[in-house]
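Given next are the chains, with one letter for each unit.
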Number of protein chains: 2
Amino acid sequence: MRVVVPYAATEPKTRLTGVLDDEERVEFARDMLADVLAAVRDAGREPEVLATDVVDIDAPVTIDERPLTDAVNAVLEGTDGPVAVVMGDLALATGEALADLFGTRGDVVLAPGRGGGTNAVVARDPAFRVDYHGTSYLDHLRAAQSVDASVAVVDSHRLSTDVDERTDLVEVLLHGEGAAADWLRDAGFELASDAESRVRVTRASE
Amino acid sequence: MRVVVPYAATEPKTRLTGVLDDEERVEFARDMLADVLAAVRDAGREPEVLATDVVDIDAPVTIDERPLTDAVNAVLEGTDGPVAVVMGDLALATGEALADLFGTRGDVVLAPGRGGGTNAVVARDPAFRVDYHGTSYLDHLRAAQSVDASVAVVDSHRLSTDVDERTDLVEVLLHGEGAAADWLRDAGFELASDAESRVRVTRASE
């Protein structure tokens, strides 16, 4: 099974603008990518990166400047056999969580992201295609049905947590075990709680 | 094993003020509770409700007006043998997710909630006590260590999703299979997406 890790190399993590500056977003995004690659290897697989531009990382990188959907579908079309697509911003991913994903039976296996996205998919049906636009989780359920593929859904907090927004940094500090969590701590981020609501992050420099 | 489901019967779901009116919050909270109780039964256990006030629900109800931490610790102190504490607002809980929780080995088994909370715990060590104040997930890890209890953490998106805020309603509409999801749809809530960010909920009357 190929394991492809998409990575937006150009202006990554734009929704963290205001929390991290341009250079910091690049560093943090690359550390998350490194964590995902390490988790894939811990799950016993060799990851490949699918990036929009050159990225300095310890893995084979295919560059495709097209939108995510087109780039991933080109991989699906060009591959005989199963393909897993694991997003490069799953900073909480572990080898165990990914091994569960890879080991789950089904023509199409989905790991939903919080907010309706699809954070990881295993495509074993050669006719299945992705569409990451909008509520992709529901779209992928329908896309699988439309090609008569059996579907399984993986229930994982770690895989449901893609890191796009400030509140997601809380999860990285709470549960992250890799470079991205270390980067945040080194950058001065820490957890802050006031009794009633959920924990926030604060930064020493703020 | 006792399975205790805490429920704040007095002014439930205050952080949904502005999204739901007082009466709606009571209805929605009670439907979530009913869904949790059904999931516990699907997992082969008999749930008990631990409520701050009288609640009209199809299960034995113990009323304890004290704060959550005190009320749960009174249960732990008063019980010989294991106790599971499953929050009453886990609208995505399924029998399968709870069976995984109940079946996970460990003196203390934790299901972290998004944002640092503890959405479910199985306490098999008689010395373990809860503290739901602040970042309770980290506090519970430390509390287990302090009594030399082994700890296991359950990785579940369904159990990590307690429903407190407007964005949580998205998860209920996406993944909920019970009365709470039906209630939201009947009340006019639906998913709305604009390409880039996560899916939101809108309401017909808004």
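The shown structure was predicted, so the numbers you read here are calculated from the model rather than taken from an experiment.

Draft legend 1. Quick peek at the sheet that holds strand β7 (residues 151-153) of chain A. Residues and elements named next belong to chain A. Taken in spatial order, the seven strands line up as β3-β2-β1-β4-β6-β5-β7 in an open sheet, and their pairing is mixed. Edge strands, defined here as strands with exactly one partner in the open sheet, are β3 (61-63) and β7. Neighbour-to-neighbour, the strand axes of this sheet turn through a mean angle of 20°, independent of strand direction. Pairing of strand β5 (residues 108-112) with β7 involves three bridges; the strand directions are parallel.

Draft legend 2. Focus on the relation of the copies chain A and chain B. When chain A is brought onto chain B, the operation consists of a screw motion whose angular component is 180° and whose axial shift is 0.0 Å, with 0.0 Å RMSD remaining. Such a combination of turn and shift is consistent with a two-fold rotation axis. An overlap of 100% is found between the interface residues of chain A and their copies at the interface of chain B, pointing to a shared contact surface.

Draft legend 3. Fine view of the pattern of salt bridges. Residue and element names in this part refer to chain A. Across all of its chains, the model carries 28 salt bridges over all chains by this definition. Note that Glu-48 and Arg-2 form a salt bridge whose closest N and O atoms lie 2.7 Å from each other. With a gap of 46 residues between them, Glu-48 in strand β2 (residues 47-51) and Arg-2 in strand β1 (residues 2-7) connect regions that are remote in the sequence. Its relative accessible area of 19% is what places Glu-48 among the buried residues. You can call Arg-2 partly exposed: its relative accessible area is 28%. The partner of Glu-177 in a salt bridge is Arg-158, and the shortest N-O contact between them spans 3.3 Å. Of this pair, Glu-177 sits in the loop between α6 (166-175) and α7 (179-186) while Arg-158 sits in helix α5 (residues 157-160); the two residues are 19 residues apart in sequence, bridging distant segments of the chain.

Draft legend 4. Highlighting unusual backbone geometry. Residues and elements named next belong to chain A. The backbone of Lys-13 sits at a positive phi, close to 55°, despite the residue not being glycine. Relative to the helices and strands, Lys-13 is located in the loop between β1 and α1 (22-42). Look at Lys-13 and you get buried, because its relative accessible area is 16%.

Draft legend 5. Here's a closer look at the environment of Ala111(B). Assignment of secondary structure puts Ala111(B) in strand β5 (residues 108-112). The spacing of Ala111(B) and Ala180(B) is 69 residues in sequence and 21 Å in space, taken between C-alpha atoms.

Draft legend 6. Region of interest: the interface of chain A and chain B. On the side of chain B, 33 residues touch chain A, which itself brings 33 residues to the contact. Summing the contributions of chain A and of chain B, the shared interface buries around 2800 Å²; its carbon and sulfur component is 49%. When the area that chain A buries against chain B is broken down by residue, the three leading residues are Arg114(A), Asp155(A) and Arg198(A), summing to 30%. One can count two salt bridges joining chain A with chain B. The closest approach of N and O atoms between Arg114(B) and Asp168(A), which form a salt bridge, is 2.7 Å. Among the elements of the structure, α4 (136-146), α5 and α6 of chain A are those that each provide at least two residues to the side of chain A that touches chain B. The greatest single-element share of the side of chain A that touches chain B, amounting to six residues, is contributed by α6(A).

Draft legend 7. Geometry of the packing of aromatic side chains. Residues and elements named next belong to chain A. A full pass over the atoms with the stated rule returns two aromatic pairs over all chains. An angle of 40° between the planes, with centres 5.5 Å apart, marks the rings of Phe-28 and Trp-183 as tilted. Taken together, the residues Phe-28 in helix α1 and Trp-183 in helix α7 connect sequence positions 155 residues apart. With relative accessibility at 0%, the residue Phe-28 sits in the buried group. When its relative accessible area of 12% is taken as the criterion, Trp-183 is described as buried.

Draft legend 8. Structural detail: the sheet that holds strand β1 (residues 2-7) of chain B. Residues and elements named next belong to chain B. With mixed pairing, seven strands are arranged side by side in an open sheet as β3-β2-β1-β4-β6-β5-β7. Pairing within the sheet leaves two strands with one partner each, and these edge strands are β3 (61-63) and β7 (151-153). Within the sheet, the average angular offset between the axes of one strand and its neighbour, ignoring direction, is 20°. Bridge count for strand β4 (residues 83-86) against strand β6 (residues 118-123) is four bridges, and the pairing is antiparallel. Across the sheet, Val-85 pairs through a bridge with Val-121, a residue of β6. Strand contacts of helix α1 (residues 22-42): β1, β2 (47-51) and β4, with the helix running at about 170° to β1, the strand carrying the most contacts. Contacting β1, β2, β4 and β6, helix α2 (residues 68-77) crosses the sheet at an angle of about 165° to β1.

Draft legend 9. Spotlight on α7(A). Residues and elements named next belong to chain A. If you check which residues of α7 are buried, you get Ala-180, Ala-181, Trp-183 and Leu-184. Within α7, the buried residues cover an arc of 160° as seen down the axis, which keeps them to one side. In the stretch just after α7, Gly-188 is the one whose phi turns positive, near 95°.

Draft legend 10. The arrangement of the pairing of β2(B) in detail. Residue and element names in this part refer to chain B. Among the five residues that make up β2, five are buried, leaving the element largely enclosed by the rest of the structure. The alternating pattern of β2 places Pro-47, Val-49 and Ala-51 on one face and Glu-48 and Leu-50 on the opposite face, and all of these are buried. Pairing geometry for β1 and β2, over five bridges, is parallel. Bridged to Val-3 within β2 is Pro-47. After leaving β1, the chain enters α1 and then returns to the sheet as β2, a path that is right-handed. Direction of pairing for β2 relative to β3: parallel, over a ladder of three bridges. By the bridge assignment for β3, Ala-51 is matched with Ile-63.

Calculation criteria
Residues numbered from 1 in each chain as written. Chains lettered and ligands numbered in written order. Predicted model: local features only at pLDDT ≥ 70, side-chain atom pairs only at ≥ 80, totals over all residues. Heavy atoms only, no water. Pairing = 2+ DSSP bridges. Helix = DSSP H or I, 4+ residues; strand = E, 2+ residues; numbered from the N terminus. Axes fitted to C-alpha atoms, helices over the stretch in contact; angles between N-to-C directions. Least-squares fit on C-alpha atoms with pLDDT ≥ 70 in both. Contact = heavy atoms within 4.5 Å. Salt bridge = Lys/Arg side-chain N within 4 Å of Asp/Glu carboxyl O. Buried < 20%, exposed > 50% of the residue type's maximum accessible area, 1.4 Å probe, protein only. Buried area = accessible area lost by both parts, 1.4 Å probe. Phe/Tyr/Trp six-rings, centres within 6.5 Å; stacked < 30°, edge-to-face > 60°. Arc of directions from axis to C-beta. Right-handed = clockwise from strand over helix to strand, strands pointing away.

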